[in-house]
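Residue-level structure breakdown
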Amino acid sequence: MKRSSIFIVILTLMLLATVPAVAGPNGTDRPIEGDVTGYVQWGGEGSPDGLANIKGCNDDGALPGFFSVTTFTTAYGTMSHLGKVHMESAHCPVFEGPSKGQMAFVAANGDTLYGEYMYATPGTLDVLLTFGENTMGVCPFLHGVGCESTGRFAGATGSAIVKAGTSEFDPDDMWAHLDYWASIAGTVTYGISVHPTKTKAL
């Protein structure tokens, strides 16, 4: 090959290496998993914690009166992509399981990953969590947690199965807090940083 041809090939490769990386508004799907533990409490008429049925659960009275509560969960643990995490969730209880649920995970630096959920397997506490925007028209979380994905998770999408359990419910004290534990496993898509010569997943 002539020297001029070699020079052109090298020059072309150098130019390609300096072209900015092109990426969509979101990063690619990444596995996400974690474990949290905490407690469950309820909001409604007569709540000794002073919590309201903020989600308006069973407002139409279609279910027995004890379904007229918002179920609140506060938990802490660790998750991939977030590290140490504070979780808040709220949902309406129905016979099949959690309904009209909202959940947020807050990293130590305040970045928040928000999603909404419904029961995944009737008769259990397992839920299908879908990351995205707030479609519920209410932000019910305790402890000042917001209802949107922020920071590096702004615009995040994806889904996960949250397999959860609680300590035994006391029928003689419906307001007693329950211990809560859950494992989270799924995928999440969120933003990537772009460098002139390199694309790096956050």
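Residues numbered from 1 in each chain as written. Predicted model: local features only at pLDDT ≥ 70, side-chain atom pairs only at ≥ 80, totals over all residues. Heavy atoms only, no water.

A short note on the nonpolar core
Counting 30 residues, the largest nonpolar core has Val36, Leu82, Phe105, Leu113, Phe131, Val162 and Tyr180 as its most contacted members. Where this core is concerned, the elements lending two or more residues are β1 (30-43), β2 (70-79), β3 (83-94), β4 (97-107), β5 (112-119), β6 (127-131), β7 (157-166) and β8 (178-189). Examining the composition of this core, we find that five residues originate from one element, β8, more than from any other. Judged by nonpolar contacts, the second largest core, of six residues, contains Ala104, Val106, Tyr114 and Cys147. (Core = buried A, V, L, I, M, F, W, Y, C linked by side-chain atoms within 4.5 Å. Buried < 20%, exposed > 50% of the residue type's maximum accessible area, 1.4 Å probe, protein only. Helix = DSSP H or I, 4+ residues; strand = E, 2+ residues; numbered from the N terminus.)

A look at a nonpolar patch on the surface
The grouping of Phe66, Phe169 and Met174 at the surface amounts to a nonpolar patch, some 300 Å² of accessible area in total. With respect to the element layout, phenylalanine 66 can be found in the loop between β1 and β2. Residue phenylalanine 66 is classed as exposed on the basis of its relative accessible area, which comes to 53%. (Patch = residues over 30% accessible without salt bridge, like charges linked within 9 Å, V, L, I, M, F, W, Y side chains within 5 Å. Areas by Shrake-Rupley, 256 points an atom, 1.4 Å probe, with all protein chains shown as cover. Salt bridge = Lys/Arg side-chain N within 4 Å of Asp/Glu carboxyl O.)

Let's talk about the state of the cysteines
Applying the stated rule across the entire model yields two disulfides. Each disulfide pairs two cysteine sulfurs, and for cysteine 57 the partner residue is cysteine 92, the sulfurs being separated by 2.0 Å. One disulfide, between cysteine 57 and cysteine 92, carries an S-S torsion of -80° and so falls in the left-handed class. Here cysteine 57 is found in the loop between β1 and β2, whereas its partner cysteine 92 is found in strand β3, with 35 residues between them in sequence. Classification of cysteine 92 as buried rests on a relative accessible area of 5%. (Disulfide = S-S within 2.5 Å.)

Let's talk about the sheet that holds β5
Taken in spatial order, the eight strands line up as β1-β2-β3-β4-β5-β6-β7-β8 and close into a barrel, and their pairing is antiparallel. Recorded for the sheet is a direction-independent mean angle of 25° between the axes of neighbouring strands. Sheet topology places β6 next to β7; five bridges connect them, and they run antiparallel. The residue bridging threonine 130 from the neighbouring strand is serine 159, located in β7. (Pairing = 2+ DSSP bridges. Axes fitted to C-alpha atoms, helices over the stretch in contact; angles between N-to-C directions.)

A word on the pattern of salt bridges
Tallying each qualifying case throughout the model produces two salt bridges. Measuring nitrogen to oxygen at the nearest pair gives 2.6 Å for the salt bridge that ties aspartate 111 to arginine 152. Residue aspartate 111 is found in the loop between β4 and β5, and its partner arginine 152 is found in the loop between β6 and β7; the two are separated by 41 residues along the sequence. Taking the shortest distance from any N to any O, the salt bridge between lysine 163 and aspartate 126 comes out at 3.1 Å. Placement of the pair is lysine 163 in strand β7 and aspartate 126 in the loop between β5 and β6, with a sequence separation of 37 residues. Assessed through its relative accessible area of 13%, aspartate 126 is described here as buried.

Points about the pairing of β8
Pairing of β1 with β8, which is carried by 11 bridges, proceeds in the antiparallel orientation. Residue pairing across strands places glycine 34 opposite isoleucine 184, the latter belonging to β8. Note: β7 against β8, 10 bridges, orientation antiparallel. Bridge pairing in β8 places serine 159 opposite threonine 187.

Looking at unusual backbone geometry
Even without being glycine, asparagine 58 reaches a positive phi, approximately 60°. Within the fold, asparagine 58 resides in the loop between β1 and β2. Residue classification places asparagine 58 among the buried residues on the basis of a relative accessible area of 14%. Residue histidine 81 is not a glycine yet carries a positive backbone phi of 75°.

As for a negative patch on the surface
A cluster of acidic side chains, namely Glu168, Asp170, Asp172 and Asp173, defines a negative patch on the protein surface. Tracing the backbone shows aspartate 170 in the loop between β7 and β8. (Lys, Arg positive; Asp, Glu negative; His and termini not counted. Charge placed at Lys NZ, Arg CZ, Asp CG, Glu CD.)

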